Amino acid sequence: QVQFVESGGGWVQPGGSLRLSCTASAGDISVRHIAWYRQAPGKQRIFVAAISRNGLAVYESSVTGRFLISRDNAKNAVTLQMNDLEPADTAVYYCNRNGAGSEDAWGQGTLVNVSS
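None of the values given here were measured: they were computed from a predicted structure.

A complete count under the given rule lists one disulfide for this structure. Note on cysteine connectivity: Cys-22 is disulfide-linked to Cys-95, with sulfurs 2.1 Å apart. One quick way to see it: the torsion about the S-S bond of Cys-22 and Cys-95 is about 80 degrees, and its sign makes the bridge right-handed. Here the residue Cys-22 occupies a position in strand β3 (residues 18-26), and Cys-95 occupies one in strand β9 (residues 91-97), the gap between them amounting to 73 residues.

Rendered as C-alpha cells:
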C-alpha cells in the first residue's frame, strides 16, 4: 500500500503562493491517478485537484485558474502550485489516489494557513 507524504505548507498572506509536494515513503505513485484534497477546520475533507497518469488535470471550481497540479513520474512526485491564495484556502492538504475515501490510508497532511 502506498504511504503518501505531503510537504510544503505554511503561512502565507492573501494573494501569496505556496507549492505543495506529494511523495511516497513506500510505493510507486507514478502509475496512479493522484489527487489533492483539503480539510478546513470543522469541515469534511474535499477534492481539490487530480492528475491522471499521463498528465491530464481536473480542478475543483473554486481553485480553477489559481492552482496547478503537475507530476514528475521520474521523481515519484506530484506537486500543487497554489497562487493567489485566499483565506478560504486555509486547510490541511492531503494527497492520495483519485477517488480515495475513509477506507484508504492517509498521510499527515500539510497545513496551509492564509491570513493577514
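Let's shift gears to unusual backbone geometry. Glycine aside, residues mostly have negative phi, and peptide bonds are mostly found in the trans state. In this structure, Asn-76 takes a positive phi of about 55 degrees despite not being glycine. The topology assignment puts Asn-76 in the loop between β7 (67-72) and β8 (77-82). Positive phi, normally seen in glycine, also occurs at Asp-84, with a value near 50 degrees. As for its position among the elements, Asp-84 is in the loop between β8 and β9.

The sheet built from six strands is open, its strands ordered β2-β10-β9-β4-β5-β6 with mixed pairing. Bordering the open sheet on either side are β2 (10-12) and β6 (57-59), each of which pairs with just one other strand. Pairwise comparison of adjacent strand axes, ignoring direction, gives a mean angle of 25 degrees for this sheet. Pairing geometry for β2 and strand β10 (residues 110-114), over three bridges, is parallel. If you follow Trp-11 over to β10, its bridge partner there is Asn-113.

Pairs may arise between side chains of opposite charge once their charged atoms sit close together. Evaluated as defined, the whole model comprises five salt bridges. With a closest N to O distance of 3.7 Å, Arg-97 and Glu-103 form a salt bridge. Relative accessible area serves as the criterion here: at 28%, Arg-97 is assigned to the partly exposed category. One salt-bridge network, held together by shared partners, links Arg-38, Arg-66, Glu-86 and Asp-89.

Throughout the structure, instances matching the rule amount to three aromatic pairs. Ring geometry for Tyr-37 versus Phe-47: centroids 6.3 Å apart, planes at 80 degrees, classification edge-to-face. Here Phe-47 lies in strand β5 (residues 46-51) and Tyr-37 lies in strand β4 (residues 34-39), a separation of 10 residues in the sequence. The partly exposed category is assigned to Phe-47, whose relative accessible area is 28%. Look at Tyr-94 and Trp-106: their rings are 5.9 Å apart centre to centre, the planes differ by 85 degrees, and that puts the pair in the edge-to-face class. With Tyr-94 in strand β9 and Trp-106 in the loop between β9 and β10, this pair connects stretches of sequence that are 12 residues apart.

To continue, consider the environment of Ser-52. Locating Ser-52 in the fold gives a position in the loop between β5 and β6. On the basis of relative accessibility, which here comes to 13%, the residue Ser-52 falls in the buried class. Between the alpha carbons of Ser-52 and Val-31 there is a distance of 8.9 Å; along the sequence they are 21 residues apart. Here Ser-52 is in contact with His-33 and Arg-71, once residues within four sequence places are set aside.

Rules of the game
Residues numbered from 1 in each chain as written. Predicted model: local features only at pLDDT ≥ 70, side-chain atom pairs only at ≥ 80, totals over all residues. Heavy atoms only, no water. Disulfide = S-S within 2.5 Å. Helix = DSSP H or I, 4+ residues; strand = E, 2+ residues; numbered from the N terminus. Pairing = 2+ DSSP bridges. Axes fitted to C-alpha atoms, helices over the stretch in contact; angles between N-to-C directions. Salt bridge = Lys/Arg side-chain N within 4 Å of Asp/Glu carboxyl O. Buried < 20%, exposed > 50% of the residue type's maximum accessible area, 1.4 Å probe, protein only. Phe/Tyr/Trp six-rings, centres within 6.5 Å; stacked < 30°, edge-to-face > 60°. Contact = heavy atoms within 4.5 Å.

Worth remembering: the numbers are spatial, not functional.
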